[in-house]
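Analysis of the macromolecular model
Here is what each chain is made of, one letter per residue.
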Amino acid sequence: MNSLERIRATIKKEEHDRPICICPGGMMNYITTELLEKGGFNFRDAHVDAKTMADLSEYAWKEGCFENMGVPFCMTVELEGMGSKIDLGDNKREPRVVEYIYKKIEETTDVKRIDLSEGRVFAVLKAISILKERHSDVPVVGNLTGPVSIATSLIDSTPFYVALRKKGDICHEFLRKITDELIKFGSAMADSGADVIMIADPSATGEILGPKYFKEFAVKYLNDLVEGIKKNHPDVIVIVHICGQMTPVLAEANEINSDAFSFDAIVGLKDIRKNMQDKIIMGNVSTYAIEGQDEEKVKQMTKLCITQGMDIISPACGLGMGSPLKNVQAVLTGTKEYGGESCLK
Amino acid sequence: MDTKELYEKIAEGVVEMEEDTVVEYCQKALDEGLDAADIIREGLIKGMDEVSRLYETGEYFLPEVLTASYALNEGVNLLKPHLKKEVATTLVKVVIGVVEGDTHDIGKNLVKIMCESAGFEVYDMGRDVPIDDFIDKAVEVDADFICLSTLMTTTMQGMKDVVEHLKERGLRDRFKVMIGGGPVSQKFCDEIGADGYSADAASCVRKMKEMMAEKAWNSRNQKR
């Protein structure tokens, strides 16, 4: 069974040999400083140049990090496409937004439309098609940043969160425009050959929003985004990741209609299953453990995820760039070692 | 309307996040000849105490706390010109910010709000703050606390650097260093020799109040 068959069987709840072990990319970063140095990569180039982007993703796969490839390596590509100024970082730091475009919520009416034919947006699409050409049997992931997280990167989060209550209409309009752009980019990723679209929306966490706003502003636009991409690409697998303590809003999260759902390490699978019996769940080996512990500990944590019944094994969040390579690899070796007898028969 | 009722209306306005109500009743209280500092303490801060209680019990979330703090600030802005100067003698001073390399500031903002509503004077350095800027500001304003926040493992080192730089500059005993954020723990706090760790904003402020009480007690003992 190759890894593309494995992830498809997982999503369709068909028999497969063992859980698949992936780390999508984007906010769920899988690139580390050690990997970049070993392969002689300059991370900045890999954020900009399509071939370098594809090469780095392929290199991580060849080094036995995870069973997928995925681009981009940050959550700022769409934001750059929408006009944000980005610091691309270096081999130790991921790219980040330098400043907010908007000061007041009233200014958010003129969201810049993403041009798919230029800049890093184009490079990502090109990198996806390069990877898919080279590896038809490996899941290639296109990564998107979710609507609320885009919103809170275009405007400071404080006035945004305050506006949710006082100026809900403007927030809805803002998020709708952002979602339209993300549907466009996500669909283009699928057109380019992405097998999986991963939507990471860390700022949409229920821990910050609470159940009411989570449902009204996060679930709504995540669902619009999933549906918008699926409309023309029904076979593409869509996974949603949300960071932080989600336990208070798991009932609401169950309404998100993605194929699979990914959680942070702080959320226990028992609690998840209480609210989301039928969902495919991905997760959630602690990234702090991967960065700070040893291989054996990482393997044991991976084993625990498997024995608890996690459907897809992955780090709980983006990897810290200082994570030792052998610890990163231990998630996959652990999955192979302990995952043999755990799947649907 | 009697005084107690006025204060209750103001507190309610904060809890209900209605800035118009807050401003209306703060003005009424001033018109009644009440002291601005009393209105802040008995009205606005009482309201914010209730907000932080609702936050701790999971009834309020960040958007509610932020919106309530906006309402509180509207009240404070109205009352500020009427404050008598001499009240500021025993104010607790806090320098706060997100350490260099990190821009995640939601946690920091929450601690800032809780500090302000506890009546502390807060100097917000913002996000991505160079290590020595914290120390320079703390010296400048004669702060009691330096509060450091980070969500990223890569920038945790900056917290240690603050403690080390304080030692190098012979200032370690002058300020209490508080740390918090996703990857930070009590263990890390002990390792780098910071003074306090807390998992959330409310307990951070509680810890700071305890430390201030201890400090006051110690300095009284020294005088004896």
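The text that follows walks through the structure, step by step, so that each part is easy to find. (Residues numbered from 1 in each chain as written. Chains lettered and ligands numbered in written order. Predicted model: local features only at pLDDT ≥ 70, side-chain atom pairs only at ≥ 80, totals over all residues. Heavy atoms only, no water.)

1. Re the interface of chain B and chain A
Let me state the cut-off plainly: By definition in these notes, contact holds between two residues if any of their heavy atoms fall within 4.5 Å. Buried area counts how much accessible surface, traced with a 1.4 Å probe, disappears from two parts once they are put together, with both parts' losses summed. By definition, a salt bridge exists where a carboxyl oxygen of Asp or Glu is found within 4 Å of a side-chain nitrogen of Lys or Arg. The term polar contact refers here to a pair of N or O atoms within 3.5 Å; inside protein, the definition further demands a hydrogen-donor-capable atom paired with an acceptor-capable atom, and it admits residues adjacent in sequence only when both atoms are side-chain atoms. By definition, any uninterrupted DSSP run of H or I lasting at least four residues is a helix, any uninterrupted run of E lasting at least two residues is a strand, and each is numbered from the N terminus. Polarity classes work like this: nonpolar for Ala, Val, Leu, Ile, Met, Phe, Trp, Tyr, Cys and Pro, charged for Asp, Glu, Lys and Arg, and polar for all others, with Gly in that last group.
Facing the 23 residues of chain B at the interface are 24 residues of chain A. Buried area between chain B and chain A, summed over both chains or domains, comes out near 1,900 Å², and the portion from carbon and sulfur atoms is 58%. Counting across the interface, chain B meets chain A through 2 salt bridges. Across the pair A:Lys166 and B:Glu18 runs a salt bridge, and its minimum N-O distance is 3.6 Å. Here chain B and chain A share 6 residue pairs in polar contact (both at pLDDT 80 or more) between them. Of all the secondary structure elements, the ones that give two or more residues to the side of chain B that touches chain A are helix H4 (62-79) and helix H5 (106-117) of chain B. Counting residues per element, the side of chain B that touches chain A draws most heavily on H4(B), which supplies 6 residues. Broken down by class, the residue content of the side of chain B that touches chain A amounts to 9 nonpolar, 7 polar and 7 charged.

2. Looking at the packing of helix H1 (residues 3-15) of chain B against helix H3 (residues 36-56) of chain B
All names here are of chain B. To keep things clear, this is the line we draw: Helix axes are fitted to C-alpha atoms over the stretch in contact, other axes to C-alpha atoms as well, and angles between N-to-C directions run from 0 to 180 degrees. Handedness of each helix crossing follows the sense of rotation of the near helix against the far helix: counterclockwise by less than a right angle gives left-handed, clockwise gives right-handed.
Interaxial distance between H1 and H3 falls to 8 Å at its minimum, and their mutual angle equals 40 degrees. Judged by the twist between their axes, the crossing of H1 over H3 is right-handed. Between H1 and H3, the residues in contact are Tyr7, Ile10, Ala11, Val14 and Val15 and Asp38, Ile39, Glu42, Gly43, Leu44, Lys46, Gly47, Met48, Glu50, Val51 and Leu54, respectively. Per-class residue counts for the contact of H1 with H3 are 10 nonpolar, 2 polar and 4 charged.

3. Points about the packing of aromatic side chains
Residue and element names in this part refer to chain A. Stated precisely, the cut-off is as follows: Side-chain rings of Phe, Tyr and Trp, where Trp is taken by its six-membered ring, are said to pair if the distance between their centres is within 6.5 Å; with planes under 30 degrees apart they count as stacked, over 60 as edge-to-face, and otherwise as tilted. Exposed residues in this analysis have more than 50% of their type's maximum accessible area, buried residues have under 20%, and partly exposed residues fall in between, with area computed by a 1.4 Å probe over protein chains only.
A full pass over the atoms with the stated rule returns 8 aromatic pairs over all chains. Centre to centre, the rings of Phe41 and Tyr59 are 5.6 Å apart; their planes meet at 50 degrees, and the pair counts as tilted. Of this pair, Phe41 sits in the loop between helix H2 (33-39) and helix H3 (43-48) while Tyr59 sits in helix H4 (residues 50-62), and the two are 18 residues apart along the sequence. An identical accessibility class is assigned to Phe41 and Tyr59; each is buried. Their ring planes at 85 degrees and their centres at 5.9 Å tell us that Tyr102 and Phe174 sit as a pair that is edge-to-face. In this pair, Tyr102 sits in the loop between strand E4 (96-97) and helix H6 (119-134) while Phe174 sits in helix H9 (residues 168-192), placing the two residues 72 residues apart along the sequence. One exposure class covers both Tyr102 and Phe174, and it is buried.

4. Concerning the environment of B:Asp38
All names here are of chain B. Relative to the helices and strands, Asp38 resides in helix H3. In the structure, Asp38 is positioned 45 residues away from Leu83 in sequence and 9.5 Å away in space, judged by C-alpha atoms. Filtering out sequence-adjacent residues up to four positions away, Asp38 remains in contact with Tyr7 and Gly43.

5. Some words on the nonpolar core
Using the following cut-off: Buried Ala, Val, Leu, Ile, Met, Phe, Trp, Tyr and Cys residues that are joined via side-chain atoms within 4.5 Å together make up what is termed a nonpolar core.
Ranked by internal contacts, the top residues of the largest apolar core, which has 174 residues, are A:Phe160, A:Phe174, A:Phe214 and B:Leu44. Ranked by residue count, the leading element in this core is helix H10 (residues 206-232) of chain A, at 12 residues.

6. Notes on the sheet that holds strand E5 (residues 140-145) of chain A
Residue and element names in this part refer to chain A. Put simply, the rule reads: Only when DSSP finds a minimum of two bridges between them are two strands counted as paired.
Ordered in space as E1-E10-E9-E8-E7-E6-E5-E2, the 8 strands form an open sheet in which the pairing is parallel. On the outer flanks of this sheet lie strand E1 (20-21) and strand E2 (69-71), each paired with one strand and no other. Here strand E8 (residues 260-263) runs beside strand E9 (residues 280-285); their pairing, made up of 3 bridges, is parallel. Opposite Ser262, over in E9, you have Met282 as the bridge partner. Helix-sheet contacts for H9 involve E5 and strand E6 (196-200), and the interaxial angle to E5 is about 175 degrees.

7. Details of the pattern of salt bridges
Scanning the entire structure with this criterion turns up 44 salt bridges over all chains. The salt bridge involving B:Glu56 is made with B:Arg206; its shortest N-O contact spans 3.6 Å. One end of the pair, B:Glu56, is in helix H3; the other, B:Arg206, is in helix H9 (residues 201-223), with 150 residues separating them in the sequence. Overall, B:Glu56 belongs to the partly exposed group, its relative accessible area being 45%. Of the charged contacts, one joins B:Glu164 and B:Lys167 as a salt bridge, the two residues approaching to 3.8 Å between their closest N and O atoms. One end of the pair is B:Glu164 and the other is B:Lys167, both in helix H7 (residues 157-168) and 3 residues apart, which spans about a single turn. Within the structure, one salt-bridge network assembled from shared partners comprises A:Lys51, A:Asp55, A:Glu58, A:Lys62 and A:Arg134.

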